[in-house]
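# Summary of structural features
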Amino acid sequence: MCGIVGYIGPKSVVPVLIDGLKKLEYRGYDSAGVAVAGAAGLRLCRVQGKVAVLEETLAKSPIEGTYGLGHTRWATHGRPSERNAHPHVDCSGDIVVVHNGIIENYLSLKTMLRDEKHEFRTETDTEVIAHLVEKFFKGSLEEAVRAALAVMEGAFAVGAMSVKDPGRIVVAKMGPPLLVGVGEGETIVSSDINPILAHTPHVAFLEDGEMAVIDAAGPRFTDFKGKPIEKKIEKILWNPLMIEKQGFKHFMLKEIFEQPQVVRDTLMGRLSLDQGEVLLDETGLGPDVLRGIRRAVLIACGTSSHAAYVGKYLLESLAGIPADVEFASEYRYRDFILERDALVIVISQSGETADTLAALRAVKSRGAATLAITNAVSSSIAREAGGVLYTHAGPEIGVAATKTFTAQMTALTLIALGLAQAKGASSREGRLEVIEELQRLPHKIEKILGRAAAIEDLAKDFMSFSHFLFLGRWVNFPVALEGALKLKEISYIHAEAYAGGEMKHGPIALIDEKMPTMAIIPKDRVYDKMLSNLAEIKARSGCILAVADEDDKAIGDHVDVVIPIPATHPLLTPFLAVVPLQLFAYYIAAKRGADVDQPRNLAKSVTVE
Ligand code: AGP
């Protein structure tokens, strides 16, 4: 939930840290700070607010150094303030730490340290780390950090430096991600890949229980006990340009428009058109394993759980197996029943969501087969699942997930087809029909994107409403859930989603002229039922916007506004129906002046409970 960046090398360190923090800001932006060390000793600058505030402050009062650490915060302990901003220091001010995660035993440690006369200045759990390092410091920062880690419980990605052991940064990982970029004569550490790509494509991904001691010669890796370890240095193929806006006003809009290519990239190499088959060997789930699967359990959070919900319908209809969708934050604490021939699919674009990772670990302890769908190469979830099917969406900077949702649905469609293929479920012709339509989706999404201006106009008419209802049925009920989440999380308008058939069981009481309804009503098996739901709303003066097939000439008589989408295979409608809803939420939020890419109270990757 926070972003950490560190640098040792020949470049001027403050600009490197600031640029890195800007690329990490989607992880948290309550407050920010940097600490740099050099001939003038240790210098800190911390502010409440975003990295831009930090940058302005530094422009007025520059600090110099040859190496340093930076941090952008999403508050967990201690309200957002300059005082609680990282980096934090020990009593002497000679030791500096930054931290992402939660020290669960910080209160008992704080009491122990206070009894030893350590003076605390903040409400944060992080400050405890600085005083622990001070307590154990006997000349070696590495050893002092190691001793501190031994008494800390919880989740932490930590960076530390000290003028009493100059010229080095020590980092450690237990939970939240920490990566080490190995450049030519320079090393950069970061919570994710984006800040590193500006300097080097060569990256080591720390695993839980691993540390790096970095100096001018580069990084040296050990475990928490000091045992040296060899780390694989991976070459990342993303180019830095992918994390720029490229002319779009916001990352979110850019990412909405990237969806056609994301579908193509996620399908690439995974379809054999002449055989009419999907290729899933990379997941490690061979035909024999797939054939033996009797049930799927899909575990995720937020938007990823909505993709999981679409996957449920795909698995039932294509593969003929029951599929249950579970919120990770609930499932991990349940006495869940998991049979040995179940396949657990965990879905997480960041691959670091704490609840999803914990749920994965819980099911693995039961011996269940696990498959991750994630967008983050070598993320914790990718590494700990039995197999992984990567979405190839590229970095998603906007906090609101868009292209990764579509990429997740693409991956789930491939898995459903693969299971159908292995189990002989649905006919080869039926599977081929879906495969061929998958290939047409990018062009159909492009058609919808070509009508973005019409949706922007619509946003003007609806931007002042305080409430919204989203309705969908069958495979489009999860799309209604996703549309409601998009609107509420970036425009702060209250939005709820319901299965259309549920309206008469209570929600219809909400309907009046102040409660517009966005309905997804393609010509599928529940079209007539949805039409009845809309008639019930119309009869109560409800305003209705309908996402409907462009060749549906009758729908205009039943609703106030029609948002046309191309027709497609009924099971694949979610790929098309979600795009107008993403655009609708985006334009309303932008017109309301909301911070679209960094909505209040949110963070891109929820790496704490
Ligand atoms: C979606 O717009 C939100 N940013 C949020 O619900 C997100 O989908 C959720 O936190 C799950 O994240 P993950 O896919 O990285 O696990």
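In case you missed it, the structure is sitting above this.
The structure reproduced in this document is the subject of the present report. (Residues numbered from 1 in each chain as written. Predicted model: local features only at pLDDT ≥ 70, side-chain atom pairs only at ≥ 80, totals over all residues. Heavy atoms only, no water.)

### Examining the site of the ligand
Around the ligand there are 15 residues in total, and Ser304, Ser348, Ser350, Thr353 and Glu489 lie nearest to it. Take Thr353: an N or O atom from its side chain is 2.5 Å from an oxygen atom of the ligand. Alone, the ligand offers 420 Å² of accessible surface; in the complex the protein occludes 91% of this. In this structure the site holding the ligand corresponds to the second largest pocket. Listed by contribution, the elements that provide at least two residues to the shell around the ligand are helix 10 (302-319) and helix 17 (477-491). When grouped by side-chain class, the residues that make up the shell around the ligand number 6 nonpolar, 7 polar and 2 charged. (Near = heavy atom within 4 Å. Polar contact = N/O pair within 3.5 Å; in protein donor to acceptor, adjacent residues only side chain to side chain. Areas by Shrake-Rupley, 256 points an atom, 1.4 Å probe, with all protein chains shown as cover. 1 Å grid on protein atoms, 1.4 Å probe; cavity = no way out; pocket = protein on both sides within 12 Å on 5 of 7 lines; lining within 4 Å. Sits in = over half its atoms within 2 Å of the grid points. Helix = DSSP H or I, 4+ residues; strand = E, 2+ residues; numbered from the N terminus. Nonpolar A, V, L, I, M, F, W, Y, C, P; charged D, E, K, R; others polar.)

### Quick notes on the packing of helix 14 (residues 403-423) against helix 15 (residues 428-449)
Put simply, helix 14 and helix 15 touch, their axes get as near as 11 Å, and they point 160° apart. Overall, the two elements helix 14 and helix 15 adopt an arrangement that is roughly antiparallel. Judged by the twist between their axes, the crossing of helix 14 over helix 15 is left-handed. Counted together, Thr413, Leu417, Ala420 and Gln421 of helix 14 and Arg431, Val434, Ile435 and Leu438 of helix 15 form the full contact between these two elements. When the residues that make up the contact of helix 14 with helix 15 are grouped by side-chain class, the tally is 5 nonpolar, 2 polar and 1 charged. (Axes fitted to C-alpha atoms, helices over the stretch in contact; angles between N-to-C directions. Parallel < 35°, antiparallel > 145°, perpendicular 65-115°, else oblique. Left-handed = near helix turned anticlockwise from the far one by under 90°. Contact = heavy atoms within 4.5 Å.)

### Let's talk about the layout of surface pockets
Reported here for the largest pocket is a volume of approximately 810 Å³. It is helix 8 (residues 259-267) that provides the largest number of residues to the lining of the largest pocket, a total of 3 residues. Of the residues assigned to the lining of the largest pocket, the class counts are 18 nonpolar, 12 polar and 13 charged. A volume near 520 Å³ is recorded for the second largest pocket. For the second largest pocket, the lining is made up of 31 residues, of which Cys301, Gly302, Thr303, Lys604 and Val606 are closest to its centre. Contributions of two or more residues to the lining of the second largest pocket are made by helix 10, strand 19 (342-348), helix 12 (354-364), helix 14 and helix 17. Tallied by class, residues from the lining of the second largest pocket come to 14 nonpolar, 13 polar and 4 charged. (Points joined across faces, edges and corners; volume = space filled by probe spheres on them.)

### Points about the pairing of strand 20 (residues 369-374)
Burial analysis of strand 20 places 5 of its 6 residues in the buried class, the great majority of the element. Examined bridge by bridge, strand 19 and strand 20 share 6 bridges and lie parallel to one another. Looking at the pairing, Val346 lines up with Ala372 of strand 20. In this view, the connection linking strand 19 to its parallel neighbour strand 20 by way of helix 12 has right-handed handedness. Alignment of strand 20 against strand 21 (residues 387-390), held across 4 bridges, turns out to be parallel. Residue pairing for strand 21: Leu371 is matched across the bridge by Gly387. (Buried < 20%, exposed > 50% of the residue type's maximum accessible area, 1.4 Å probe, protein only. Pairing = 2+ DSSP bridges. Right-handed = clockwise from strand over helix to strand, strands pointing away.)

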